[in-house]
Amino acid sequence: MSIGKPAKDPKTGRFLPRESRVGAPIGAGAPARTRARKAVRSKLGELFLDDMLCAWESRGAAAIQALIEKNPHDFLKAVASLMPKDVTVNVNQIGEMTDEQLLERIRKLDAKIKPFLAAQGADGTGDGDRAAAEHE
């Protein structure tokens with residue numbers, strides 16, 4: 001076996017991993033290669049993201065506009081893919097309020113609608129007289 005060529009399995013013809021080669025101790029140099037590969041992968045990822053950021057800053061808005069004009073369906077798919085899958089919207093928070101909070105809310109609402117009720121009257125006829133609320 002020459003130094004420059006990788007070893008092959010004589011039966012399958014597949015390349016052998018470096019640890020399985022004849023004459024090489026098992027695991028020889030593997031941790032160093034693993035660390036080197038991770039470092040290269042990490043550096044490559046950083047450079048790729050830097051390049052993507054530069055491209056985005058220079059052409060991002062124009063690319064979005066072109067996509068909207070040429071392929072609106074793909075634009076909507078991209079927007080939808082960015083949205084969270086589960087959205088919980090609690091429109092009615094009354095079920096979570098304490099009794100004191102509910103009373104405070106009722107008092108505030110009463111204070112806001114008093115001028116409208118006084119202007120129209122309690123029965124909606126517009127006479128302006130209304131009986132005092134029981135809780136006052």
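Definitions and limits used
- Residues numbered from 1 in each chain as written.
- Predicted model: local features only at pLDDT ≥ 70, side-chain atom pairs only at ≥ 80, totals over all residues.
- Heavy atoms only, no water.
- Salt bridge = Lys/Arg side-chain N within 4 Å of Asp/Glu carboxyl O.
- Helix = DSSP H or I, 4+ residues; strand = E, 2+ residues; numbered from the N terminus.
- pLDDT = per-residue confidence, 0-100.
- Patch = residues over 30% accessible without salt bridge, like charges linked within 9 Å, V, L, I, M, F, W, Y side chains within 5 Å.
- Areas by Shrake-Rupley, 256 points an atom, 1.4 Å probe, with all protein chains shown as cover.
- Buried < 20%, exposed > 50% of the residue type's maximum accessible area, 1.4 Å probe, protein only.

(A) Just the pattern of salt bridges, in detail. Applying the stated criterion across every chain yields a total of one salt bridge. Among the ionic pairs, Asp 110 bridges to Lys 114, the shortest N-O distance being 4.0 Å. Taken together, the residues span about one helical turn, with Asp 110 and Lys 114 both in helix H3 (residues 99-120) at a distance of four residues.

(B) Layout of the confidence of the model for the chain. Averaged over the chain, the pLDDT score is 79; the fraction of residues at 70 or greater is 74%. Confidence, read as mean pLDDT per element, is least for helix H1 (residues 30-70) in the chain (88) and greatest for helix H2 (residues 72-82) (93).

(C) Region of interest: a nonpolar patch on the surface. Taken together, the side chains of Phe 48, Leu 49 and Met 52 present a nonpolar region at the surface, about 340 Å² in accessible area. Inspection of the secondary structure assignment puts Met 52 in helix H1. Under the relative-accessibility criterion, Met 52 is labelled partly exposed at 46%.

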